[in-house]
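Structure at a glance
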Amino acid sequence: PLCALAVRRAASINAEYMGIMTYSKGFVMGCEGGCLIVFEKSDEKDLYKEVNKQIYKEVNKLSVHEHLVSVTNLAISPSEESLVLALENHQAYTLNLSQVEVMKDDSQESNFHPLTTPSHFRAVTGLDHCIRKPLIVTCGVDRSVRVWNWHDKNLVISKTFKQDPLCVTMHPSGLNILVGFSDRVRLMNLLMDDIRTFKEFTMKGCREARFSNGGQYFAAVNGSTIQIYNTYTCTNILNLRAHTAKVLSVHWSLDDSSLVSASMDSSVLEWDLRGATRTQEHQHKGCSYTSAINTSDGTIYCVGSDSSLKVVLQSVLKKIIELPVTLTNLATTRPPEKLLIAGTKAGFIKAFTLPLRTKGNRLGYHEYQCHTKMVTRLCMSHDDSMIFTSSEDGTVGVWNTRQISSKKKELQQLGWAEEILVTKSDLQNRMKQMEKLKKKVEDLRLHNEYEIRMKEMNYQEKLREVNEKFKQELEQDRQKYQTLKDERDGLKRKYENTLKTLAEKHQDNLLELEAYHQQKILAEQKRYEDLQKKLEDARARWSSEDKQRARQYHQEIRELEQEYETKIQLEEELTTQLTQAEAEIKKEFGETKILIEDDADREITQLKTEYDEILKAERVQTLELRGNNGMLKREFAGLQQKIKNGNDKMQKSVDIQKKLVDEIKRLEKDIEGYEKEKVPNCVAARLRLPRHTGDR
């Protein structure tokens, strides 16, 4: 019945219900689109029909505004004060059930609170960090851009867009981000509680964008072209064109004077931005490069789709290191470079020590597992102490390298920047809101003081009434107490007299019982003495009888022994006679057995001879019968063939006879037909003959 009610209510809002959870006050229903409907028991009979002898009314309908996805699971705490719901996008929220009646679904403040830190629920496509703040920014296929504080391990800002963000990069100051979409690139400001667009650039399918290390420039990929913009003027100062396919990776040098790009056209290029020229070129056919970085000594490390790590110096391929897994991203520490970090398709990262050294045919490295799917992005903090990774499984990893450099100590002395961006309009709105709230607080204070005074007056009046009522009740109780005390004293005297009378009566009864039992004890003592005397007489009589029976028993024993000794002697004599007779019989039986065996041997020999002759004669007769049987079989086969031929001839004769009979019948029918035709013709001829004669 609850399910039927839930189905009807879900159908009324054009949604499908996903689950029901009951509690003492009613039940909660989760629907599609992040909708949650709460029902509670009611005594009104015109709301819904009776369900399990209880009437339910709808208390409230709430929605999780940020996630219009289905509610998959519900759980209520044992105290029934809070509700936890899980959504289809792997997020969990809590709701205070005790205040559900006063909540409003259209309020700006959310009624739901995240159970844990909200995270990406699909693949993460972009990742970057800043220098002055402990912040990282990510974007994913779930159409959200999220800013995280990796030091405090919490989510700072999250914003969802109508389009999928393809890439994201953060300004070193931590105040701006650059987000690439399918049709444009947006330069956005990170405000206190929002991410707001500052400038838009028309650019299709930008999947890679990077701020320079100083933050004065940013590079954005437009197909196979790398466009360099001035961050503060938003002007395009340089276009780098040399690749023939999409560029997948851009890496700035430490001093922002050069840039390394990797493309799907199997090429890796190093650009000198001061002259917009190529300083190094490398191309390896059959390999689609996904990441490339350069170091302070001019060495380029690049990885691609061929599961190898390549080292390029001065446009010459110096080394190819084959690996058992495909690498996707690269990052290195600050000069002097001591560590090379690589992400893999299997979800773990590899740490290589620079310069690269091989042991035999193998390259030494360390592996660390964090993700379950491909590592999509990888970068290192400015002080080389932290590594940030993202994956297609929707997770973001923060790694500690445990290598504290002098630069990190300097940054720790400076401390993290606490500045945030606030627009003038937001600040003015906040000031207006503060003024309104202050005025509202003052009004509420005056109102509360007035209500408190009124309540005090009411309480004083009620207190006087209660005191008067209490005094009256106290006087009534005192009088009632005195009456009850007098009644108690009267009852006490009455019961004391009754107890005295009962005690005297009990004493008289006790004396009478004592005299009665004394007489009874004397009678029983006398009876005991009589029984004792009878017992002694019986013992004397039993003793004499016992002696007499013993003598009689011994006499009978002696007589039985003599009788059985006589019988045993007779039995022994009979046994001796039987033994002698048995020996004679055995001897006679042995002689008879020998004679019978001799007679049997002679008869067996004679019978064997007779039957051998009979068997020989039978064998000869059997051979003759076999010969006769063969001749008879041949004659029988010939006769069967003749019978078959005769049957065939007879069948043919029968068939011919049938044909002749059929032909005779057919001719007879023809004759009958001719005869029938002939009679009318003759009659007609006879009738016509006189007419012809008269005419002549």
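Reading the values: the criteria
- Residues numbered from 1 in each chain as written.
- Predicted model: local features only at pLDDT ≥ 70, side-chain atom pairs only at ≥ 80, totals over all residues.
- Heavy atoms only, no water.
- Helix = DSSP H or I, 4+ residues; strand = E, 2+ residues; numbered from the N terminus.
- Buried < 20%, exposed > 50% of the residue type's maximum accessible area, 1.4 Å probe, protein only.
- Contact = heavy atoms within 4.5 Å.
- Areas by Shrake-Rupley, 256 points an atom, 1.4 Å probe, with all protein chains shown as cover.
- Core = buried A, V, L, I, M, F, W, Y, C linked by side-chain atoms within 4.5 Å.
- Patch = residues over 30% accessible without salt bridge, like charges linked within 9 Å, V, L, I, M, F, W, Y side chains within 5 Å.
- Salt bridge = Lys/Arg side-chain N within 4 Å of Asp/Glu carboxyl O.
- Pairing = 2+ DSSP bridges.
- Phe/Tyr/Trp six-rings, centres within 6.5 Å; stacked < 30°, edge-to-face > 60°.
- pLDDT = per-residue confidence, 0-100.

A word on the overall build of the protein
Secondary structure summary: the protein contains three helices and 37 strands in total. For the protein, the residues scored as buried account for 32% of the 696 residues in total. The long-range share in the protein, meaning contacts at least 24 apart out of those at least 6 apart in sequence, stands at 40%. For the protein, the computed accessible surface area is about 47600 Å², with 53% contributed by carbon and sulfur atoms.

Some words on unusual backbone geometry
Here the bond from P335 into P336 is cis, since omega is -5°, no more than 30 degrees from zero. Its place among the elements puts P336 in the loop between β29 (327-332) and β30 (339-344). Here the amide bond leading from L354 into P355 is cis, since omega sits at -5°, within 30 degrees of zero. Summarising the element assignment, P355 is placed in the loop between β31 (348-353) and β32 (358-359). Backbone geometry at C234 places phi at a positive 60°, although glycine is not the residue there. Positionally, C234 belongs in the loop between β19 (225-230) and β20 (236-241). For C234, a relative accessible area of 14% translates into the label buried. A positive phi angle is found at D384, which is not glycine, with a value near 65°. Within the element layout of this structure, D384 appears in the loop between β35 (375-380) and β36 (386-391). Residue classification places D384 among the buried positions, given a relative accessible area of 11%.

Overview of the nonpolar core
The biggest cluster of nonpolar side chains holds 16 residues, and the ones touching the most others in it are V137, V145, V147, M170, I177, V179 and I195. Residue assignment for this core shows that the elements contributing at least two residues are β10 (135-140), β11 (144-149), β13 (167-170), β14 (176-180) and β15 (184-190). Residues within four places of V147 in sequence aside, it is in contact with L135, I136, V137, L155, V156, I157, M170, L190 and I195.

What to know about a nonpolar patch on the surface
On the surface, a cluster of nonpolar side chains totalling about 540 Å² of accessible area is made up of M192, I420, V422, L427, M431 and M434. Position of M431 relative to the elements: it lies in helix α3 (residues 424-695). Overall, the relative accessible area of 43% leaves M431 in the partly exposed class.

Comments concerning the pairing of strand β25 (residues 289-294)
Summarising burial for β25: five of the six residues are buried, a large majority. The sheet contact formed by β25 and strand β26 (residues 299-304) spans five bridges and is antiparallel. Looking at β26, one finds that N294 is bridged to I300. Between β25 and β26, which pair antiparallel one after the other, the connecting turn spans four residues, and G298 there sits at a positive phi close to 90°.

Considerations on the pairing of strand β23 (residues 267-272)
For a regular strand, side chains alternate in direction, first toward one face of the sheet and then toward the other. For β23, a buried count of six out of six residues is recorded, marking the element as mostly surrounded by other parts of the structure. Alternating residues of β23 divide into S267, L269 and W271 and V268, E270 and D272, and every residue in both groups is buried. Of the strand pairs in this sheet, strand β22 (residues 258-263) and β23 are connected by five bridges, and their pairing is antiparallel. What sits directly across from A262, in β23, is V268.

Here we look at the environment of G298
Here G298 lies in the loop between β25 and β26. For G298, a relative accessible area of 18% corresponds to the buried category. When the C-alpha atoms of G298 and Q314 are compared, they prove to be 7.3 Å apart, with 16 residues separating the residues in sequence.

A closer look at the packing of aromatic side chains
Two descriptors summarise a pair of aromatic rings, namely the distance from one centre to the other and the angle between the planes of the rings. Under the defined criterion, the tally for this structure stands at nine aromatic pairs. Measuring from ring centre to ring centre gives 5.8 Å for W150 and F388, while their planes differ by 55°; the resulting arrangement is tilted. Remark: F388 occurs in strand β36 and W150 occurs in the loop between β11 and β12 (154-160); sequence separation between them is 238 residues. Neither residue differs from the other here; W150 and F388 are each classed as buried.

With respect to the confidence of the model for the protein
Looking at the protein, pLDDT values average 83 and 87% of them are 70 or higher. Mean pLDDT values for the elements of the protein range from 44 in strand β4 (residues 55-63) up to 96 in β13. Contacts for the low-pLDDT stretch residues 45-62, under 50 throughout, to residues beyond four places or in other chains number 67 contacts. When the criterion is pLDDT under 50, residues 689-696 qualifies, and its contacts beyond four places in sequence or with other chains add up to zero contacts.

Structural notes on the environment of C370
Here C370 shows up in the loop between β34 (365-369) and β35. In sequence terms C370 and F348 are 22 residues apart; their C-alpha atoms lie 5.7 Å from each other. For C370, the residues in contact, after removing those within four places along its chain, are G347, G397 and W399.

Regarding the sheet that holds strand β8 (residues 113-114)
If you trace the four strands from one edge of the open sheet to the other, you get β5-β6-β7-β8, paired in antiparallel fashion. Either end of the sheet is taken by a strand with one partner, and the two such strands are β5 (71-76) and β8. For strand β6 (residues 82-87) and strand β7 (residues 92-96), the ladder comprises five bridges, and the chain directions are antiparallel. Across the sheet, the residue bridging to L85 is Y93, located in β7.

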